[in-house]
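# Inside the fold
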Amino acid sequence: MREFEKGIATDDWKRALRSEIIKGLMETGNKRLLAQQNVGYYYKCQAPASLYKYYKDNKWSIENLNDSKIWFSSPCNFNDVFDCSITVDGKELFKAALNMAPHKMEIRAGSPAWRELKAVVHQEVLKAEVLFRDLREQIGVTCLSESCDSLLMWAHYANNHCGMCVEYELPEINKKLGYSPIPIVYSNERACFRNLNPDFYEKDAVKLCLEALTSKSIEWSYENEWRIVRDDKSCGDLWNINDKGALLDMICPTSVTLGCKAKQEFEEKVKGYCRSNKINLYKMEQDIYDEFNCITTIHMDPIEVDDEEINKMREITEKIVKEINENYSIHDFRMTNGGGRINLIFDLVIPREEKVDSDKLKVQVQQKIHSENSKYYAVPKVECSYV
């Protein structure tokens, strides 16, 4: 477990990004501008290019896909009762209150002053518990993941591989919708209220609540989760009081991957959506996993084969990759419009026996392609060959 926790701790940039996002939400003036600039750095240089949403095979999933919508749910609807919860440490609060006694007076246990202070702190504890409970019911959260091939997540969130996994570009979520996806920080320490600062209820309570919303136990770390948080005020009339959530706008996806057990009716509806919107469609393959113990996806329609610009950029990208190492190759090359830039998305395959820093290789490819034409931005996924 110690080695596992040590591996999680290496994601220090996620803690830093979360901290900057919270500052950007709560600060004003130059402090807010600086925080927003720092968030932009982390999104561009540290965060994954894409995030994924797992969906079950039901009519609401298809409707949301067609309408470019995504559901934000109150944490009180989550399956983990400890998710987003805040503990209130009454003992620590009482100790802090004792230390705040005027003129550093010593208050003996059981004295009238001690009992009065105990009652005051008890009321503060009740007040904090009500506040946190209300905040938990008035905030909408949508959950995404860095991973599109987690077998556990396909089983838990996509109806045992019958649903789909939808890919969204993280920078476009922030740019087009103004949402700031926040990485989950995995830790065995829960958010805890132990502060009697008079300004707590105006500022610190919201900060503590945001930290609780983006923290989970280490046991959930396999999800590699990110969250987008919206309160009921930002949702406005779209907030559903009965269902405790809201259906809000989402960007058009980059790709959709069907589960290996997707039923024909559901698969045909997803195919129709992808054809109409020229979105790449994939399907998980079970037979290959059973035989070779490796997770694969098969590219389905639609796919561009006669587009002159795509063919040209594929050739340029292949040339650049071969210049780096003649044993490297690319596949599943596609182009998407990213607003002010054009994304070149592809898998970069390296020999299995070769030890390579994937992040450095990605940056190297990105720089070389950008030098060819600044309007193109490479989004390679480095993977090892299976032979």
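Below, the structure is looked at part by part. Along every chain, residues carry numbers that run from 1 in the direction the sequence is written. Local features in this predicted model are restricted to residues of pLDDT 70 or higher, and side-chain atom pairs are both shown and tallied only at a pLDDT of 80 or more, whereas totals for entire chains, interfaces and linings draw on every residue. Heavy atoms from the whole structure form the basis of all side-chain values; hydrogens and water molecules are not counted.

Counted as salt bridges are all cases of a side-chain nitrogen of Lys or Arg within 4 Å of a carboxyl oxygen of Asp or Glu. If you walk through the whole model with that rule in mind, you get 14 salt bridges. As a salt-bridge pair, Asp249 and Lys69 come within 2.5 Å of each other at their nearest N and O atoms. In this pair, Asp249 is assigned in strand S11 (residues 245-249) and Lys69 in strand S2 (residues 69-73), connecting sequence segments 180 residues apart. Using a 1.4 Å probe on the protein chains alone, a residue whose accessible area is under 20% of its type maximum counts as buried, one over 50% counts as exposed, and one in between counts as partly exposed. The class of Asp249 is partly exposed, set by a relative accessible area of 40%. Taking relative accessible area as the criterion, Lys69 reaches 24% and is therefore assigned partly exposed. Residue Glu268 pairs with Lys271 through a salt bridge whose shortest N-O separation is 4.0 Å. Starting at the N terminus, helices and strands are each numbered in turn, a helix being any DSSP run of H or I of at least four residues and a strand any DSSP run of E of at least two.

This part takes up the environment of Tyr52. Inspection of the secondary structure assignment puts Tyr52 in strand S1 (residues 50-55). For the pair formed by Tyr52 and Glu167, sequence separation is 115 residues and the distance between their alpha carbons is 4.6 Å. Those residues in contact with Tyr52 that lie beyond four places of it in its chain are Leu144, Ser145, Glu146, Ser147, Cys148, Cys165, Val166 and Glu167. We call two residues contacting when some pair of their heavy atoms lies within 4.5 Å.

Right, let's talk about the environment of Thr214 for a bit. Structurally, the position occupied by Thr214 is in the loop between helix H9 (200-213) and strand S9 (215-216). Each C-alpha atom, one on Thr214 and one on Ile184, is 4.8 Å from the other, the two residues being 30 residues apart in sequence. With residues up to four places along the chain from it excluded, the contact list for Thr214 reads Arg18, Ile182, Pro183, Ile184 and Val185.

Bringing the layout of surface pockets into the picture now. In this analysis, the protein atoms alone were mapped onto a 1 Å grid. Cavities are point sets where a 1.4 Å probe fits without being able to get out; pockets are open sets with protein on both sides within 12 Å along at least five of seven lines; lining residues have an atom within 4 Å of a point. Grid points are joined across faces, edges and corners, and a volume is the space filled by probe spheres set on the points. In this structure, the second largest pocket encloses a volume near 1,100 Å³. Lining the second largest pocket are 32 residues, and of these Lys53, Tyr54, Trp71, Ser73 and Tyr157 sit closest to its centre. Put simply, the parts of the chain that give the lining of the second largest pocket at least two residues each are S1, helix H4 (59-67), S2, strand S4 (139-145), helix H7 (151-157) and strand S10 (225-231). Per-element tally for the lining of the second largest pocket: the top contributor is S4, with five residues.

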